[in-house]
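Each chain, letter by letter, is given below.
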Amino acid sequence: MEIMKTSIKAILDNIKNAEDFLDEKAIDEFENIIIGSKNIFVTGAGRSGLAAKAFAMRLMHLGLSAYVVGETISPAIYEDDCIIAISGSGETNTIVSAVKIAKNRGSKVLALTSYPESSLGQLADAYILVKGRTKKEVDDENYMKRQIHGNYTSLTPLGTAFELTTLVFLDAIVSELMEKMQQTESDLKARHTVLE
């Protein structure tokens, strides 16, 4: 039980500490691109993909046209669209490939990553820096030393801190989008009810 409590604390601390890296101008640009896009596509691999899908659902609740890359009902992407790519490392091949295709078609690229200097970060028109423990950090030379000294951040498996922080950040962006789009909780509930 102690390991579980320590892991929960590490995850919550990461989310709280990640706030320090938020850039108001970057987030404003990120949100404005979303609002100004005809269609919004989201992509991520594994659990980052689940965070992307959750965000697509929230965008749909806002009345925006949102799609998950790779789903059978997703249309082609065009220049008046945007793609939101989630990758802690910023080097996930499938994500970077999808972003390159979108970029070549003239669409805007939004990224959530821990590594803005990564391939994904370099392709992005706007990005949100999401601090979290990613796979890169598991493979570093100090991993065993940290474990021996009781650094329990390692108890959050692979990208857990990144994925959960991303999920929290994206839900917070939904709140800001609601404000910018002058939507209320009742508007979202009405759309949600119609879709059930």
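As a reminder, the structure under discussion sits directly above these lines.
Model, not experiment: these values are computed from the prediction. Note that residues are indexed from 1 along each chain, following the sequence as it is written. Residue-level local features of this predicted model are given only where pLDDT is at least 70; pairs of side-chain atoms are given and counted only at 80 or more, and the full residue set underlies all totals for whole chains, interfaces and linings. Note that water and hydrogens are dropped before the side-chain values are worked out from all heavy atoms of the structure.

(A) Representation of the overall build of the protein within the structure. Secondary structure is summarised from DSSP: a helix means a run of H or I of at least four residues, a strand means a run of E of at least two, and numbering begins at the N terminus for each. Across its full length, the protein carries nine helices and five strands. Sequence-ordered secondary structure for the protein, helices as α and strands as β, is α-α-β-α-β-β-α-β-α-β-α-α-α-α. Each residue gets one of three labels from its accessible area relative to the maximum for its type: buried under 20%, exposed over 50%, partly exposed in between, using a 1.4 Å probe on protein chains only. The buried share among the 196 residues of the protein stands at 43%. By definition, residues are in contact when any of their heavy atoms lie within 4.5 Å. For the protein, the share of sequence-separated contacts (at least 6 apart) that also reach a separation of at least 24 residues comes to 72%. Accessible surface area values rest on a Shrake-Rupley calculation with a 1.4 Å probe, where residue burial reflects the displayed protein chains alone. When the accessible area of the protein is evaluated, it comes to approximately 10900 Å², of which 54% is carbon and sulfur surface.

(B) Looking closely at the packing of aromatic side chains. Put simply, two rings from Phe, Tyr or Trp (the six-membered ring, in Trp's case) pair if the centres are within 6.5 Å, and we call them stacked under 30 degrees between planes, edge-to-face over 60, tilted for the rest. Counted according to the given criterion, the structure contains one aromatic pair. For a ring to carry a charge above it, either NZ of a lysine or CZ of an arginine must fall within 6 Å of the ring centroid while also lying within 35 degrees of the normal to the ring plane. Positioned above the aromatic ring of phenylalanine 21, the side-chain terminus of lysine 131 is 5.1 Å from the ring centre.

(C) Here's a closer look at the pattern of salt bridges. We define a salt bridge as a contact between a side-chain nitrogen of Lys or Arg and a carboxyl oxygen of Asp or Glu at a distance within 4 Å. This structure, assessed with the given rule, holds eight salt bridges. One salt bridge connects lysine 180 with aspartate 28, and the closest N-O pair in it is separated by 2.5 Å. Placement of lysine 180 in helix α8 (residues 160–180) and of aspartate 28 in helix α2 (residues 24–36) is noted, with a sequence separation of 152 residues between them. According to the relative accessible area criterion, lysine 180 is partly exposed, its value standing at 32%. Between glutamate 71 and lysine 53 there is a salt bridge; the shortest N-O distance is 3.5 Å. One end of the pair, glutamate 71, is in the loop between β2 (66–68) and β3 (82–86); the other, lysine 53, is in helix α3 (residues 47–61), and 18 residues separate them in sequence. Judged by relative accessible area, glutamate 71 falls into the partly exposed class, the value being 38%.

(D) Representation of the nonpolar core. Residues Ile34, Phe55, Leu59 and Ile84 are the most contacted members of the largest nonpolar core, which totals 30 residues. Secondary structure elements with two or more residues in this core: α2, β1 (40–44), α3, β3, β4 (108–113), β5 (126–129) and α8. Each residue touching leucine 59, except ones within four places of it in the same chain, is listed here: Ile34, Ile40, Leu64, Ala66, Ile84 and Leu177. Among the buried residues, those of types Ala, Val, Leu, Ile, Met, Phe, Trp, Tyr and Cys that are joined through side-chain atoms within 4.5 Å form a nonpolar core.

(E) The arrangement of α8 in detail. When the terminal C-alpha atoms of α8 are compared, their 30 Å separation across 21 residues agrees well with the 30 Å that a helix rising 1.5 Å per residue should span. Taken as a whole, α8 has its buried residues at Thr160, Ala161, Phe162, Glu163, Thr165, Thr166, Phe169, Leu170, Ile173, Val174, Leu177 and Met178. At the C-terminal side of α8, glutamine 182 shows a positive phi close to 55 degrees. Expected helix span is computed as 1.5 Å times (number of residues minus one).

(F) Spotlight on the pairing of β1. Within β1, four of the five residues are buried, which leaves the element mostly enclosed by the surrounding structure. Pairing between two strands requires that DSSP report at least two bridges joining them. Inspection of the sheet shows β1 paired to β2 by three bridges, in the parallel sense. Paired with valine 42 across the bridge in β2 is valine 68. Consider the strands pointing away from the viewer: the crossover is right-handed when the path from the first strand over the helix to the second runs clockwise. On the question of chirality, the crossover connecting β1 to the parallel β2 by way of α3 is right-handed. As paired strands, β1 and β3 are joined by five bridges and run parallel to one another. Counted as the bridge partner of isoleucine 40 is cysteine 82 from β3.

(G) Here's a closer look at the sheet that holds β5. Read across the sheet, five strands follow the order β2-β1-β3-β4-β5 without closing on themselves; strand pairing throughout is parallel. Each edge of the sheet is formed by a strand with only one pairing partner; in this case those strands are β2 and β5. Ignoring strand direction, the axes of neighbouring strands in this sheet form an average angle of 20 degrees. Strand contacts of α8: β3, β4 and β5, with the helix running at about 130 degrees to β4, the strand carrying the most contacts. Inter-axis angles, ranging from 0 to 180 degrees, are taken between N-to-C directions of lines fitted to C-alpha atoms, where helices are fitted over the stretch in contact.

(H) Molecular detail of the side chain of glutamate 31. Turning to its location among the elements, glutamate 31 is positioned in helix α2. The residues contacting glutamate 31, other than those within four sequence positions of it, are Ile173, Glu176, Leu177 and Lys180.

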